[in-house]
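Tertiary structure, described
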Amino acid sequence: MKDFFSMTQSENRKFSDLYLCFCGHEACRPLHSFGPAVRPNYILHYILKGKGRYVIGSEEYCLGAGQGFLIEPEVQTFYEADKEDPWAYLWIGFSGEKAGEYLRDLGLSGEQPVYQCTCGEELERIIFSMLEKCNYTAANEYLLVGLLYQFFAVLAEHIQIEADKKGDHDNLYIRKAVEYIQNHYFYPMQVKEIADYIGINRSYLYTLFKNNLKVSPKDYLTNFRITRAAQLLEITELSIESIAMSCGYVDALGFSKVFKAKMGVTPSGYRKQNKRK
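Residues numbered from 1 in each chain as written. Predicted model: local features only at pLDDT ≥ 70, side-chain atom pairs only at ≥ 80, totals over all residues. Heavy atoms only, no water.

Next up on the list: the sheet that holds strand E8 (residues 77-81). Taken together, the 4 strands give an open sheet; going across it, the order is E3-E8-E5-E6, and neighbouring strands pair in antiparallel fashion. In the strand order of this sheet, the two ends are held by strand E3 (33-37) and strand E6 (59-64), each with one partner. Direction aside, neighbouring strands of the sheet carry axes that sit 15° apart on average. In this structure, strand E5 (residues 51-56) lies alongside E8, joined through 5 bridges in antiparallel fashion. Within E8, the residue paired with valine 55 across the bridge is phenylalanine 78. (Pairing = 2+ DSSP bridges. Helix = DSSP H or I, 4+ residues; strand = E, 2+ residues; numbered from the N terminus. Axes fitted to C-alpha atoms, helices over the stretch in contact; angles between N-to-C directions.)

Following glycine 35, the chain continues to proline 36 via a peptide bond in cis, the omega torsion being 5°. Here proline 36 is to be found in strand E3. Phi is positive for leucine 31, close to 65°, though the residue is something other than glycine. Position of leucine 31 relative to the elements: it lies in the loop between strand E2 (19-27) and E3. Leucine 31 gets classed as partly exposed once you look at its relative accessible area, which sits at 43%. (Buried < 20%, exposed > 50% of the residue type's maximum accessible area, 1.4 Å probe, protein only.)

Before going further, it helps to examine helix H9 (residues 252-263). Look at H9: 16 Å from first C-alpha to last across 12 residues, which is about the 16 Å you get at 1.5 Å a residue. Ala252, Phe255 and Phe259 are the residues of H9 that are buried. Buried residues along H9 cover an arc of 55° about the axis, so they all sit on one side. Facing away from the buried side of H9 by more than 90 degrees, the exposed set consists of Leu253, Lys257 and Ala261. Buried-residue contacts for H9 involve helix H7 (217-235), helix H8 (240-246) and helix H10 (267-274). At the C-terminal side of H9, glycine 264 shows a positive phi close to 80°. (Expected span 1.5 Å × (residues − 1). Arc of directions from axis to C-beta. Contact = heavy atoms within 4.5 Å.)

Moving on: the environment of phenylalanine 151. Along the polypeptide, phenylalanine 151 turns up in helix H3 (residues 138-158). Phenylalanine 151 sits 27 residues away from glutamate 124 along the chain, and the two C-alpha atoms are 9.5 Å apart. Apart from residues no more than four positions distant in its own chain, phenylalanine 151 is found in contact with Leu44, Leu90, Ile92, Leu123, Ile126 and Ile127.

None of this, on its own, says anything about what the molecule does.
In structure tokens:
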């Protein structure tokens, strides 16, 4: 039994960050296999029942119900259903500018291509909802993208990586903290807010920044704000007060003191020296 559909690149051209290419489910025959072959998109398989094997490079994984595996674009893989207890699985193919980043957020990569998840019924429901929307309409196109993000959300909540690497988590925490700063620097935020956002305590965040970026989270935030303020001083006619507010400082005098400490000159002095014609 097989049920699947696919979308063309043009059908999902509006969604560059992440978009659905195809999805489906199948109860395989004994020893049913695919490959060795390469695929142009990312593909996630999830095993509903039975077992089989997945081969990528020199690595072979024997997998069963509740587990899944990742196929990366242009990477040769092979997978085969068990002779006695062939697997039934669902799959979802996707692409987009942030597809690899979203997978790394889940802990999946070419070095860690297998996972466990206890939410098979929920994932199966999402796939069937996708299959019901396989006819092209503008409404279905948006609904399918929403379902794809829902699929990722369910995985993010329930996924378990067998060979969890502490370093991978540390890199993720740093990246998410930096993203948070870049997206919220214009608010008068505190370092604790950053730590709370990524789910670790402030002292651990401090250690991560010092060990990896050689600067504290507070100094990173300050440096980012002052760099942005310098850009605004160069390219705009905004007042010092407005630039201070735009960079997360509620007090222009306090902003000016920090700016001079970092840049060696007052904001107005910097503007005179660096104003772009």
